[in-house]
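# Structural overview
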Amino acid sequence: MKRILITGATSAIAQQAARRFAADAAALLLVGRDADKLAAVADDLRARGASEVKTEVVDLLDLARCSRLIGEAVEQLGGLDALLVAQGTLPDQGVCETNPVQTLREFSLNAMGPMTLALRAATHFEGQRSGCIAVITSVAGVRGRRSNYVYGSAKAAVSTFLEGLRGRMREAGVSVVDIRPGFVDTPMTAQLAKNPLFATASTVGNRVYRAMRAGDAVVYAPWFWRWIALAIQLMPRSIFLKLPI
Ligand SMILES: NC(=O)c1ccc[n+]([C@@H]2O[C@H](COP(=O)([O-])OP(=O)(O)OC[C@H]3O[C@@H](n4cnc5c(N)ncnc54)[C@H](OP(=O)(O)O)[C@@H]3O)[C@@H](O)[C@H]2O)c1
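My aim in this report is to walk through the structure given alongside it, one point at a time. Just so it is clear, the model here is predicted, and its values are computed rather than measured.

About the criteria used
Position numbers for residues start from 1 in each chain and track the written sequence from start to end. Per-residue local features are limited, in this predicted model, to residues with pLDDT of at least 70; the limit for side-chain atom pairs, both in listing and counting, is 80 or more; totals at the level of whole chains, interfaces and linings are taken over all residues. Values reported for side chains reflect all heavy atoms of the structure, with hydrogen atoms and water molecules removed beforehand. Criterion for a disulfide: a pair of cysteine sulfur atoms at a distance within 2.5 Å. Relative accessibility decides the category of a residue: with a 1.4 Å probe and only protein chains considered, values under 20% of the type maximum give buried, values over 50% give exposed, and everything between is partly exposed. A molecule or strand has a residue near it when one of that residue's heavy atoms lies within 4 Å. For the purposes of these results, a polar contact is taken to be a pair of N or O atoms within 3.5 Å, where, inside protein, one atom must be able to donate a hydrogen and its partner to accept one; residues adjacent in sequence count only when each atom of the pair is a side-chain atom. Methods summary: accessible areas were calculated by the Shrake-Rupley approach with a probe of 1.4 Å, and residue burial reflects only the protein chains presented. Numbering of helices and strands starts at the N terminus; helices are DSSP runs of H or I of at least 4 residues and strands are runs of E of at least 2. Under the scheme applied, nonpolar residues are Ala, Val, Leu, Ile, Met, Phe, Trp, Tyr, Cys and Pro; charged residues are Asp, Glu, Lys and Arg; polar residues are all the others, including Gly. The salt bridge criterion pairs a side-chain nitrogen of Lys or Arg with a carboxyl oxygen of Asp or Glu, the two atoms within 4 Å. The residues that make up patches have over 30% relative accessible area and no salt bridge, and they are joined within 9 Å when like-charged or within 5 Å when they are Val, Leu, Ile, Met, Phe, Trp or Tyr. Working rule for helices: expected span equals 1.5 Å times residues minus one. Note on contacts: a residue pair is in contact if any heavy atoms of the two residues lie within 4.5 Å. Only Phe, Tyr and Trp rings are paired, with Trp represented by its six-membered ring, and only when their centres lie within 6.5 Å; those with planes under 30 degrees apart are stacked, over 60 edge-to-face, the remainder tilted. Two limits define a charge over a ring: the Lys NZ or Arg CZ must be within 6 Å of the ring centre, and within 35 degrees of the ring normal.

Here the focus is the state of the cysteines. If you walk through the whole model with that rule in mind, you get zero disulfides. Cysteine Cys66 is unpaired, with the sulfur of Cys132 as its nearest cysteine sulfur at 18 Å. Taking relative accessible area as the criterion, Cys132 reaches 1% and is therefore assigned buried.

We now examine the site of the ligand. In the vicinity of the ligand lie 30 residues, with Thr10, Lys37, Tyr151, Val184 and Thr186 positioned nearest. A distance of 2.9 Å is found between an oxygen atom of the ligand and a side-chain nitrogen or oxygen belonging to Lys155. Across the complex, the protein chains shield 94% of the 880 Å² of accessible surface that the ligand would expose by itself. Those elements that place two or more of their residues in the shell around the ligand are helix H1 (12-23) and helix H6 (149-169). Grouping the amino acids of the shell around the ligand by side-chain chemistry returns 14 nonpolar, 11 polar and five charged.

With that settled, consider the pattern of salt bridges. If you walk through the whole model with that rule in mind, you get 11 salt bridges. In this structure, Arg213 engages Asp24 in a salt bridge whose closest nitrogen and oxygen atoms are separated by 3.5 Å. Here Arg213 is found in helix H7 (residues 201-214), whereas its partner Asp24 is found in the loop between H1 and strand S2 (27-32), with 189 residues between them in sequence. The network of salt bridges with common partners includes Arg19, Asp44 and Arg48.

Together, Trp223, Trp227, Leu230 and Leu234 give the surface a local cluster of nonpolar side chains, amounting to about 530 Å² of exposed area. Using a relative accessible area of 37% as the deciding quantity, one classes Leu230 as partly exposed.

With that settled, consider H6. Compared with an ideal rise of 1.5 Å per residue, which puts 21 residues at 30 Å, H6 spans 29 Å between its outermost C-alpha atoms and is within 8% of the ideal. Within H6 the residues assigned to the buried category are Val150, Tyr151, Gly152, Ala154, Lys155, Val158, Ser159, Leu162, Leu165, Arg166 and Met169.

It is worth spelling out unusual backbone geometry at this point. What you tend to see is this: most non-glycine residues have negative phi, and most peptide bonds are trans. Going from Ala221 to Pro222, the amide bond is cis rather than trans, its omega being -10°. Locating Pro222 in the fold gives a position in the loop between strand S9 (218-221) and helix H8 (225-234). The backbone phi angle of Ala25 is positive, close to 65°, even though this residue is not glycine. Examined against the element boundaries, Ala25 turns out to sit in the loop between H1 and S2. With phi around 55°, Arg129 is a residue other than glycine that occupies positive phi space. Mapping Arg129 onto the fold places it in the loop between helix H5 (100-128) and strand S5 (131-136). Overall, Arg129 belongs to the exposed group, its relative accessible area being 52%.

Tracing the backbone shows Arg180 in strand S6 (residues 174-181). Judged by relative accessible area, which is 15%, Arg180 ranks as buried. Of the polar contacts made by the side chain of Arg180, one reaches the side chain of Asp178; its length is 3.0 Å. Only 2.8 Å separates the side chain of Arg180 from the side chain of Tyr220, close enough to count as a polar contact. Apart from residues no more than four positions distant in its own chain, Arg180 is found in contact with Thr137, Ser138, Val139, Ser159, Val218, Val219, Tyr220 and Ala221.

Inspection of every chain in the model, using the stated rule, returns five aromatic pairs. Geometrically, the ring pair formed by Phe21 and Tyr209 is edge-to-face, given 4.9 Å between the ring centres and 65° between the ring planes. Of this pair, Phe21 sits in helix H1 while Tyr209 is found in helix H7, placing the two residues 188 residues apart along the sequence. Like Tyr209, Phe21 is buried. Measuring from ring centre to ring centre gives 5.8 Å for Trp223 and Phe224, while their planes differ by 85°; the resulting arrangement is edge-to-face. Given the relative accessible area of 24%, Phe224 is considered partly exposed. One aromatic cluster is present, formed by Phe183, Phe198, Trp223, Phe224 and Trp225 through successive ring pairs. The ring of Phe198 carries Lys194 above its face, with NZ or CZ at 5.2 Å from the centroid.

This is how it looks when you write it as structure tokens:
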């Protein structure tokens, strides 16, 4: 796994995963919307051993641009071994409930962009009969909760999409990795009150790296979220609907 495209590369979780790839002397193309942040991340990764770090400023809400990124990565890195999709926003659920345009915008960033990238990567990796497509989804996709069903349904869409894509990619030897973190202390959750279930970006980023190296299918991060997610899935609807979450 030597040539890697990371979208949403300024994400705290993605930065930690990228540091691990840099230590393996990988060549990286970092895509994000903020040129200064990207440049700082790129400098850090060069210092940590990356063989090459390129950056591309892209608003990942632009689906046409997302569609072209795999081709650009192949050109810039001289080939591509892995894609890590890390962009995301935690929508204001209240605003989304009165503003369908905003809801679609959130859905576009959290679901349609990642699916566009995964589809393009799938075609490329299928052709070369190797590769890794990894997307950071969320335990929020396991079940629709009243407090964040816009975000949750976007993540659920991606997880279902990846499950089907994994089936398609199986014979081509391409791994499709769905990483589902629980709460992580990153800029995305800065406004939330913290509790003992919060993990660090470093813990989750390291898990992303290991899952991609191993070609895992579905990974909960940290591990205990697998059991919390299972309990939520199995909870009778009559009880679930009464939960204030
Ligand atoms: N933190 C959690 O509790 C948690 C839990 C489960 C899943 N996740 C998922 O983990 C992934 C990484 O998030 P994080 O926790 O590391 O938070 P983060 O540091 O806030 O990262 C979010 C990333 O998305 C980028 N982004 C947002 N809108 C964009 C746009 N229009 N164009 C390009 N990039 C855009 C941000 O860019 P800027 O740096 O320019 O803002 C940032 O790089 C996300 O997919 C998130 O949904 C997070």
